[in-house]
Amino acid sequence: RMDIAYVCEWEKRPKSNHCPSIPLVCAWSCRNLLAFTTDLKNEEEEKDLTHMIHIIDSEHPWDVYSINSGHTEVISCLEWDQSGSRLLSADGDGQIKCWAMTEHLVNSWESTLGSAVEGDPIVALSWLHNGVKLALHVEKSGSTNFGEKFSRVKFSPSLTLFGGKPMEGWMAVTVSGLVTVSLLKPNGALLTASESLCRLRGRVALADIAFTGGGNIVVAATDGSSSAPVQFYKVCVSVVNEKCRIDTELLPSLFMRCTTDPARKDKYPAVTHLKFLTRENSEQVLLCASSQLGSIVECWSLRKEGLPVNNIFQHRSPVVGEKQPMILKWRILSATNDLDRVSAVALPKLPISISNTDLKVASDTKFCPGLGLALAFHDGSIHILHRLSLHTMGVFYGSSSSNPQRVGEEPALKRQRGGGPTTHFKALQFSCTSLALVGVDNHGKLHMLRVSPSMGQMLDINTLLRHLLFLLEYCMVTGYDWWDVLLHVQPNMVHNLVEKLHEEYMRQNQALQQVLSTRVVAMKASLCKLSSATAPRACDFHAKLLLIAISSTLKSLLRPHLLNTPDKSPGDRLAEICAKNTDTDIDKVMINLKTEEFVLDASTLQSLQQLIQWVGDFVLYLLANLPNQGSIVRPGFGFLRDGASLGLLREMMVVIRIWGLLKPGCLPIYTATSDNQDSMFLLFRLLTKLWLCSRDESHPQEPDEPLIDECCLLPSQLLVPAMDWLPVSDGIICKLQGKHPLRLQFGKPYSLPGLNSGTQVEIFTRTPGSQRMDNLRCLHMGVCPTEDSKACTRCGCVTMLRSPNKTTAVKQWEQRWIKNCLCGGLWRRIPTTIS
């Protein structure tokens, strides 16, 4: 079963009569970016088409970045690279353009490179393979080791540089049977070469590209006639004398089964879809043959078979060690019955292992992601078929009406009688975990559908949680965006998922934990936002990410006084001494440190003041709110039992105390009721007492009454800061928990008045006249900021595009967040009026 998550409407959509012959293309990257095309008619001259590429992140689908691509013909292919940060587009004139983000902003793109095969339309396009391939083992989903669940498969890059580093580039197949390759050299230059697929060139109507583990490329091609063979070619790319060289070789071909069946011999004359099941598997191919009235789909597999020996040689004495000669031969795996006419095909991207044991476990546990491919039909329906057997796993009936049909609600014939033209999908794409499906219909509208992990089969809650946890772990290991997994998390699942995710993370080895440390915190934060009961914990996880970043940055500034120092860095010694010394007097802890290692020049210390101020404010906020942590979970609650984070805060307080002796102006500023109040001394004493209660994570203790009493007095001694430095997300994921479809329009932010009203924690609301914060620099930007700003697509963190400070230490801090936010999300430029 599938549900519409939202329908986006392109407000400048083309006239409906233009499109039957014009292909629409869409592509969904692993970083949650969607690219799709439209061809808009010029109202004055009907012949002119403007070929547009539109890019959105699915968390803010109304914020579309539209590019006038400059292509002179209809765009036929869109391809994201493996990192999801660059996009290839190709057209019917042989032009290929490479698009990249400007200033790492998802709503700012430019074409920097390109190649061309003049006048030769591109029918297939792909980036060269980088040699990274994972296999996801459902059989091992209960294992405690991520390395067993997601194993690295031995796979060679398409082309390697010196030292085995993969060389970047792309390849394309043209309609005249030409293969063209463009290689990106490390110095930015482009090497381009073209070669015929075979000696006798012929028309190529459809083609697809796959890769082998040995570093070769396989191209499948057909001239569009189902009675003609589907040809396969091996392509080897190399660099010889600074020139690109392409070698091609003919591989075994196949004839579609439907043309050899007497009952269907001339029923489906045209091959309309040709795709390898996955880019890393050149041994399985999907073919669809169609007529004006219907289609048939076949799945073929390449197998090694023994070559039969003639009877004359049967009685010959065998030579020792001689083996039967083997040949490669295409065999049909499965085929569908006669279907309605297919308009689009989407193949799963999840690299699920298809060994017999994995398939059996997936069948037993009803784990379906990665096993189904999607077929869209001209009646507006979508069928999910098993990728090997092609039996139906799920059906979605049409979305042209405001109340989409559900499975089994009406007979198919009754549904097809509509007033207007039938809406059907021209392009379909699965997300990276195959839990969501995006499509562009023949009226230029964008549709998003959630695909159930069990394809609508009833699951007990524990099995469903285990499936979602498995996919979250996959995203955590690969670095892919987990937005599509969140579509299936209901508010009542959040707490259990966060706890189980933490348990699985803690079972990994120390090295892997260190690599994934910030990613798991960001994942917990995005999960907690889905439920009003856990929303305050999302604040804690964001604060923890900022604390870890500030701590590592400040410690990195420390330098050993002498060159011949022991192995431990000043930061490590600081952590060790603070962990051993449980004294509540900050000055006594400071005495045990080599203060000469903490010496920095005054300008550097002063430039870090806003980060130091954040640490001071956060400690004060935590302690002042300690007595309030009762029946309602409030922001800061997660830190009360987090001994590691409290220990980090304690270390930072000691460092700040030392730096305050060098440059008093860098100290955090507190508003105290008494002139002789040593605020840092007081806060460190209370923080140490709280840390002592929770430093033993296996046996945490409740804060004692005297500590709570002292924290009760804090607001009368010091002015407690507000929580304005927390980011507020304006994304759509929190609005998609219900089963009702949303209708959106590009350029118009969507809001649901009254959604969760009264249940959201008060810190998420901002009064109209409140100060706006730069969440990364910890600076106030004023009530109506005039600076250009950018916001995180995932957590809503806002920061200025340009740095107001030019000191080295601040540049070091800001360089950390050039490409990604604290949480790993991408940046998008936001207008100054709503920043």
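Residues numbered from 1 in each chain as written. Predicted model: local features only at pLDDT ≥ 70, side-chain atom pairs only at ≥ 80, totals over all residues. Heavy atoms only, no water.

Where an unreviewed UniProt entry is consulted, the protein chain appears under the name Mediator of RNA polymerase II transcription subunit 16, with the organism given as Lepisosteus oculatus. We quote the UniProt Subcellular location (unreviewed entry) comment for the protein chain here in full: "Nucleus". According to UniProt, the comment filed for the protein chain under the heading Sequence similarities (unreviewed entry) is "Belongs to the Mediator complex subunit 16 family." (UniProt positions renumbered as here; feature names shortened; annotations may be inferred.)

Caption draft 1: Structural context of the overall build of the protein chain. The helix and strand tally for the protein chain stands at 17 helices and 37 strands. A separation of at least 24 residues holds for 65% of the contacts in the protein chain among residues at least 6 apart in sequence. Accessible area of the protein chain: about 36800 Å², with a carbon and sulfur share of 52%. (Helix = DSSP H or I, 4+ residues; strand = E, 2+ residues; numbered from the N terminus. Contact = heavy atoms within 4.5 Å. Areas by Shrake-Rupley, 256 points an atom, 1.4 Å probe, with all protein chains shown as cover.)

Caption draft 2: Examining the sheet that holds strand S17 (residues 217-222) more closely. In space, the four strands of this open sheet follow the order S16-S17-S18-S19, with antiparallel pairing throughout. Of all strands in the sheet, those with a lone pairing partner are strand S16 (206-211) and strand S19 (243-254), marking the two edges. Neighbour-to-neighbour, the strand axes of this sheet turn through a mean angle of 25°, independent of strand direction. (Pairing = 2+ DSSP bridges. Axes fitted to C-alpha atoms, helices over the stretch in contact; angles between N-to-C directions.)

Caption draft 3: Expanded view of the pairing of S16. For S16, the tally of buried residues reaches five of six residues, placing the bulk of the element in the interior. Here six bridges tie S16 to S17, and the two strands are oriented antiparallel to one another. Pairing of Asp208 across the sheet is with Ala220, part of S17. What sits between S16 and S17 in their antiparallel hairpin is a turn of five residues, with Gly215 showing a positive phi close to 95°. (Buried < 20%, exposed > 50% of the residue type's maximum accessible area, 1.4 Å probe, protein only.)

Caption draft 4: Molecular detail of the packing of aromatic side chains. Applying the stated criterion across every chain yields a total of 13 aromatic pairs. Ring plane angle 50° and centroid distance 5.9 Å describe the contact between Phe150 and Tyr474, whose orientation is recorded as tilted. Pair noted here: Phe150 is in strand S12 (residues 150-152) and Tyr474 is in helix H5 (residues 461-478), with a separation of 324 residues, a long-range link. Summarising the aromatic geometry, the rings of Trp614 and Phe618 are spaced 5.0 Å apart at their centres and angled 10° between planes, so their arrangement reads as stacked. Taken together, the residues Trp614 and Phe618, both in helix H13 (residues 609-624) and four residues apart, mark about one turn of the helix. Judged on exposure class, the residue Trp614 and its partner Phe618 are both buried. Every member of this aromatic cluster is reached through a ring pair, and the members are Phe146, Phe150, Phe367, Phe470, Tyr474 and Tyr480. (Phe/Tyr/Trp six-rings, centres within 6.5 Å; stacked < 30°, edge-to-face > 60°.)

Caption draft 5: How the structure looks around unusual backbone geometry. Here Glu103, not a glycine, exhibits a phi torsion of approximately 60°, which is positive. Accessibility expressed as a relative area gives 39% for Glu103, which makes it partly exposed. We note that Asn241 has phi near 55°; this positive angle belongs to a residue other than glycine. Asn241 sits in the exposed class, given a relative accessible area of 71%.

Caption draft 6: Representation of the side chain of Gln508 within the structure. Locating Gln508 in the fold gives a position in the loop between helix H7 (494-506) and helix H8 (510-528). Owing to a relative accessible area of 6%, Gln508 belongs among the buried residues under this scheme. Filtering out sequence-adjacent residues up to four positions away, Gln508 remains in contact with Thr144, Asn145, Phe146 and Gln513.

Caption draft 7: Quick peek at the pattern of salt bridges. For the coordinates displayed, the defined rule picks out 31 salt bridges. The partner of Lys185 in a salt bridge is Glu242, with the nearest N and O atoms 2.7 Å apart. Taken as a pair, Lys185 in the loop between strand S14 (178-184) and strand S15 (190-196) and Glu242 in the loop between strand S18 (230-240) and S19 lie far apart in primary sequence, 57 residues in all. When its relative accessible area of 53% is taken as the criterion, Glu242 is described as exposed. A salt bridge links Glu710 to Arg685, with the shortest nitrogen-to-oxygen separation between them at 2.8 Å. Highlighted residues: Glu710 in helix H16 (residues 705-717) and Arg685 in helix H15 (residues 679-694), separated in sequence by 25 residues. (Salt bridge = Lys/Arg side-chain N within 4 Å of Asp/Glu carboxyl O.)

Caption draft 8: Region of the structure containing helix H14 (residues 643-662). Between the first and last C-alpha of H14 there are 29 Å, a value that for 20 residues agrees with the 28 Å anticipated at 1.5 Å per step. Taken across its 20 residues, H14 has 17 buried, putting it largely inside the fold. (Expected span 1.5 Å × (residues − 1).)

Caption draft 9: The confidence of the model for the protein chain, seen in detail. Looking at the protein chain, pLDDT values average 85 and 87% of them are 70 or higher. This stretch, residues 11-21, has a pLDDT under 50; its non-local contacts, to residues over four places away or in other chains, come to 17 contacts. In the model, residues 42-47 has pLDDT below 50 throughout and makes four contacts with residues more than four positions away in sequence or in other chains. (pLDDT = per-residue confidence, 0-100.)

Caption draft 10: Fine view of the environment of Ala116. The topology assignment puts Ala116 in strand S9 (residues 109-116). Along the sequence, Ala116 and Ser182 sit 66 residues apart, while their C-alpha atoms lie 9.6 Å from each other.

Caption draft 11: Highlighting H5. With 18 residues, H5 extends 26 Å from end C-alpha to end C-alpha; this agrees with the ideal 26 Å at 1.5 Å per step. Where burial is concerned, most of H5 is hidden: 13 out of the 18 residues are buried.

Caption draft 12: Representation of the sheet that holds strand S6 (residues 75-80) within the structure. A sheet is described by the order of its strands in space; here four strands give the open sequence S6-S7-S8-S9, paired in antiparallel fashion. Only two strands of the sheet have a single partner each, and these edge strands are S6 and S9. Adjacent strand axes in the sheet meet at a mean angle of 20° when their direction is disregarded. Alignment of S6 against strand S7 (residues 86-91), held across five bridges, turns out to be antiparallel.

Caption draft 13: Spotlight on the state of the cysteines. Per the stated rule, a full pass over the model turns up zero disulfides. Of the cysteine sulfurs around Cys797, a residue in no disulfide, the closest is that of Cys821, at 4.2 Å. Assessed through its relative accessible area of 2%, Cys797 is described here as buried. (Disulfide = S-S within 2.5 Å.)

Caption draft 14: Layout of the environment of Leu328. In this structure, Leu328 sits in strand S23 (residues 326-335). According to the relative accessible area criterion, Leu328 is partly exposed, its value standing at 40%. If near-sequence neighbours (up to four positions away) are discounted, Leu328 is found in contact with Pro252, Leu302, Arg303 and Lys304.

Caption draft 15: Broad picture of the packing of H13 against H15. Following both chains from N to C, one finds H13 and H15 inclined at 60°, their axes separated by 10 Å at the closest point. Classified by the angle their axes make, H13 and H15 are oblique. Where H13 crosses over H15, the two elements pack in a sense that is left-handed. Of the residues in H15, those touching H13 at Gly616, Val619, Leu620 and Leu623 are Leu683, Leu686, Leu687 and Leu690. Taken together, the residues of the contact of H13 with H15 sort by class into seven nonpolar, one polar and no charged. (Parallel < 35°, antiparallel > 145°, perpendicular 65-115°, else oblique. Left-handed = near helix turned anticlockwise from the far one by under 90°. Nonpolar A, V, L, I, M, F, W, Y, C, P; charged D, E, K, R; others polar.)

Caption draft 16: Inspection of the environment of Asn337 at higher detail. Within the fold, Asn337 resides in the loop between S23 and strand S24 (339-340). Under the relative-accessibility criterion, Asn337 is labelled exposed at 61%. Residues Asn337 and Leu390 lie 53 residues apart in sequence; the distance between their C-alpha atoms is 9.8 Å. Leave out the neighbours within four places in its chain, and Asn337 touches Arg264, Ser295 and Ile296.

Caption draft 17: Region of the structure containing the side chain of Glu597. Locating Glu597 in the fold gives a position in the loop between helix H11 (586-591) and helix H12 (602-607). The exposure class of Glu597 is buried, given its relative accessible area of 5%. Looking at Glu597, its side chain comes within polar contact range of the side chain of Arg573, at 2.2 Å. (Polar contact = N/O pair within 3.5 Å; in protein donor to acceptor, adjacent residues only side chain to side chain.)

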